[in-house]
Amino acid sequence: MTTTDLMTVNCGPHGERIATVVCRHMLQSEPAPAGFIENSDDPNDLQAWCYHCEEKFLEEGGMTDAFKKFNEMAIVCVVCYEEAKARHTIKTS
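None of these values were measured; they are calculated from a predicted model. (Residues numbered from 1 in each chain as written. Predicted model: local features only at pLDDT ≥ 70, side-chain atom pairs only at ≥ 80, totals over all residues. Heavy atoms only, no water.)

Undergrad: Any details on the overall build of the chain? Residues and values, ideally.
TA: A tally of regular secondary structure across the chain gives three helices and five strands. From first element to last, N terminus to C terminus, the chain shows the α and β order β-β-β-β-α-α-β-α. Dimensions of the chain, computed from C-alpha atoms along their principal axes, come out at roughly 35 × 30 × 25 Å. Here the chain, with 93 residues, has 30% of them falling under the buried criterion. Partitioning the contacts of the chain with sequence separation of at least 6, the portion at a separation of at least 24 is 59%. On the chain, roughly 6000 Å² of surface is accessible, and the fraction owed to carbon and sulfur atoms is 53%. In the chain, 8 positive and 15 negative side-chain charges are present, and the distance between their average locations comes to 6 Å. (Helix = DSSP H or I, 4+ residues; strand = E, 2+ residues; numbered from the N terminus. Buried < 20%, exposed > 50% of the residue type's maximum accessible area, 1.4 Å probe, protein only. Contact = heavy atoms within 4.5 Å. Areas by Shrake-Rupley, 256 points an atom, 1.4 Å probe, with all protein chains shown as cover. Lys, Arg positive; Asp, Glu negative; His and termini not counted. Charge placed at Lys NZ, Arg CZ, Asp CG, Glu CD.)

Printed below as a string of structure tokens:
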């Protein structure tokens, strides 16, 4: 994917930005981090889900309908993605 092919989204707080994908758990105000697993090495295709989604993905053996229903992928802007990453990354010592 080239930079001219990047999808964008109009984010209320951040305006027109590059689109990314996160699970619904990243959008909820959790009292503790949900974990953050990036699912793409391509910096132009940012995708992530939480530890619960990773467990469900492994349990289901892939992107089944049950996984998709559990995950409820959401399109967010790149700034929201970075904010979710900062909020949900679990620090290890």
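Having put the structure on the table, let's press on.
Undergrad: How would you sum up the side chain of Asn-71? Please name residues and give values.
TA: In this fold, Asn-71 is placed in helix α2 (residues 65-71). You can call Asn-71 buried: its relative accessible area is 0%. Within polar-contact distance, the side chain of Asn-71 engages the backbone nitrogen of Met-73 at 3.1 Å. Apart from the residues within four sequence positions on either side, Asn-71 is in contact with Cys-23, Arg-24, Trp-49 and Cys-53. (Polar contact = N/O pair within 3.5 Å; in protein donor to acceptor, adjacent residues only side chain to side chain.)

Undergrad: Which residues make up the packing of aromatic side chains, and what values go with them?
TA: Scanning the model with the defined rule gives four aromatic pairs in all. Taken together, a centroid distance of 4.9 Å and an interplanar angle of 70° make the contact between Trp-49 and Phe-67 edge-to-face. With Trp-49 in strand β4 (residues 47-49) and Phe-67 in helix α2, the pair connects residues that are 18 residues apart, well separated along the chain. The class for Phe-67 is buried, based on a relative accessible area of 0%. Judged by centre distance (5.5 Å) and plane angle (70°), the rings of Phe-57 and Phe-67 are edge-to-face. (Phe/Tyr/Trp six-rings, centres within 6.5 Å; stacked < 30°, edge-to-face > 60°.)

Undergrad: If you had to explain empty space enclosed by the protein to someone new, which residues and values would you point to?
TA: Taking a probe equal in size to a water molecule and rolling it over the atoms shows the remaining empty space. Evaluated as defined, the whole model comprises one cavity of 30 Å³ or more. Reported here for the largest cavity is a volume of approximately 50 Å³. Looking at the largest cavity, the residues that line it are Val-21, Val-22, Cys-23, Asn-39, Gln-47, Ala-48, Trp-49, Met-63, Asn-71 and Met-73. Those elements that provide at least two residues to the lining of the largest cavity are β2 (15-22) and β4. (1 Å grid on protein atoms, 1.4 Å probe; cavity = no way out; pocket = protein on both sides within 12 Å on 5 of 7 lines; lining within 4 Å. Points joined across faces, edges and corners; volume = space filled by probe spheres on them.)

Undergrad: Go over the pairing of strand β1 (residues 8-11) with me, naming the residues and quoting the values.
TA: Relative to β2, β1 runs antiparallel, the two being bridged by four bridges. Bridge pairing in β2 places Asn-10 opposite Glu-16. The turn joining β1 and β2, which pair antiparallel and follow one another in sequence, is formed by three residues. (Pairing = 2+ DSSP bridges.)

Spatial relationships are all this shows, so hold off on functional conclusions.
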